[in-house]
Structure formats: C-alpha cells, structure tokens
Amino acid sequence: MRMILFGPPGAGKGTQAARLLERLGVAHLSTGDMLRAAVREGTELGLAADGFMKRGELVPDQLVCDLVVERLAKPDCAKGFMLDGFPRTVPQAEALDRTLERAAITLDLVLVIEVPDDLIVDRITGRRTDPVTGTIYHMTFSPPPPEVADRVVQRSDDTEAACRTRLAKYHAETRPVLPVYEPRGIVKRVDGVGTPDEVTARIMATIGLA
Ligand code: AP5
C-alpha cells in the first residue's frame, strides 16, 4: 500500500495513522513529526522551519520536498508507505509525482478524513501528546490516564491563533491538491466526525480491511 493520509489540521490523521499502521505494516512518513524532530534537534532545517510552524504557516516547499525525497529513498519505504501531512501544496504534489515516476511507483490511495472547521479548534487546543510514547490525547475527548497526565505536553502551534492560520492555509493551499489525484480515481473520503473508534471502523470499511 502506498497512500496519502489527507485532511485538515486536527482531523485525526495522527490518531488514525497509529491504528492503521498496525494493520498495514507500511512506513509512516509524517512531515509534521519529521519537522518537529528537526526543531528539537536544532538542525539547520529545524531552525528554518520553527517560526513557520509556530505561526501555523506552511514550511517552504523546497525544504519539505527535500526531506520527503530523502526519506522515501530509505529501505523501509520499499514495503509501502503512508504519507501523512504531505503533499500540502500543488508544487509538493508535482514534486512527489516526479519522485515516484523516477522510481516507477504509483500511488494506490489518497484517504481524506473530513471534519468541519467548527470542530477543529476544540480538537487542536485540547490536544496533548505523551513525549515518551508519542500517544496523542485530548483533554476532553480522550484524556490521558493518571500515570501519564503529569507528563503530557502541548504543541507550540496548538494555540487558537495558529490553528486558525493552519485552517486558512488548508483551504487556500492544501485542498487544491485533491484535484491532482481525483482524475486518477484513487481519492476516498471518510467522515471524521464521531469517536476515534467509529472513524477507524469507517476507514477500515472504506479501504477493505474491515
Ligand atoms: P502536522 O503535524 O502535519 O499538523 P496538521 O496537519 O495540522 O495536523 P495535526 O497534527 O494538527 O492534526 P491531526 O489530523 O494529526 O489530528 P490528531 O490525530 O492529532 O503539521 C504541523 C506543521 O508542520 C504545519 O502547520 C506546517 O507548519 C508544517 N508542515 C508539516 N507538513 C508540511 C508540508 N507538507 N508542507 C509545509 N509545511 C508542513 O487529532 C487532533 C486532536 O483531536 C487530538 O487531541 C485527538 O485526540 C483528537 N481527536 C482525534 N480524533 C478524534 C475524534 N474522532 N473525536 C474527537 N477527538 C478526536
């Protein structure tokens, strides 16, 4: 399976990716996670990306494309991959096409998790992550267990202001990526409203893993 997990910020891509990866056994390429690791490690890429991310803006295409092209060349991607948060602009989609074409690889699926804007701010501002395991929680919808609650952290871009910028960027720059893939018949949409388990069940049914 070579797929793209697509959707607005806070749609549940990270939450569902963790569940799907167990079933699919493919490599997980989250550009958000890769960029946050670069920021933590203080690399040149991290220093360049940090400000864009905090403000909720997109990191420049060239930086992200270089990161993904390099990652796709790693041996674990030969068994299949799930791109999560990439491509986010039409130029990124074109760069991905060129890379896959050179390797004679085609995409099987673009899975879109759809959630209306008015639910997104609550999801994002309530999100907390366990820095030890990477598990994603929500203070209301999916609270961390007591033994974990003291160590969960909030992402620096999970403020209401940055969230609104991220949503605006999604509508202006990321949604226009879908028409690149629609003519290929590989786009499948899933309603992302409901409990995480309900959304997982819908995804499994949609991709034939139920
Ligand atoms: P990235 O990390 O990709 O963030 P995002 O796309 O904004 O997505 P999120 O991680 O915010 O949300 P998610 O859909 O994974 O939701 P989650 O499962 O956590 O990117 C961050 C930044 O990096 C970007 O803003 C940009 O600056 C930069 N960047 C990354 N890729 C880039 C690219 N390709 N080009 C340029 N820049 C790039 O869920 C959210 C919350 O909701 C959680 O608390 C969760 O517990 C809760 N939740 C999940 N599902 C449900 C449910 N069904 N019901 C109730 N609550 C739920």
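Residues numbered from 1 in each chain as written. Predicted model: local features only at pLDDT ≥ 70, side-chain atom pairs only at ≥ 80, totals over all residues. Heavy atoms only, no water.

**Q** Is there a simple way to think about the sheet that holds strand 1 (residues 2-6) in this case?
**A** Strand pairing within a sheet occurs via backbone hydrogen bonds; the two strands may be parallel or antiparallel. Pairing is parallel in the open sheet, where five strands are placed in the order 2-3-1-4-7. Edge positions in the sheet fall to strand 2 (27-30) and strand 7 (187-191), since each has one partner strand and no second. Within the sheet, the average angular offset between the axes of one strand and its neighbour, ignoring direction, is 20°. Relative to strand 7, strand 4 (residues 109-114) runs parallel, the two sharing five bridges. Note that in strand 7 the partner of Leu111 across the bridge is Lys188. Those strands touched by helix 1 (residues 13-24) are strand 1, strand 2, strand 3 (81-84) and strand 4, and its axis lies near 180° from that of strand 3. The strands touched by helix 10 (residues 196-206) are strand 4 and strand 7; relative to strand 7, the strand with the most contacts, the crossing angle is about 155°. (Pairing = 2+ DSSP bridges. Helix = DSSP H or I, 4+ residues; strand = E, 2+ residues; numbered from the N terminus. Axes fitted to C-alpha atoms, helices over the stretch in contact; angles between N-to-C directions. Contact = heavy atoms within 4.5 Å.)

**Q** How should unusual backbone geometry be read in this particular structure?
**A** Cis geometry marks the peptide bond from Phe86 to Pro87, where omega comes out at 0°. Relative to the helices and strands, Pro87 resides in the loop between strand 3 and helix 5 (90-102). At Ala104, a residue that is not glycine, the phi angle is positive and equals roughly 55°. Its place among the elements puts Ala104 in the loop between helix 5 and strand 4.

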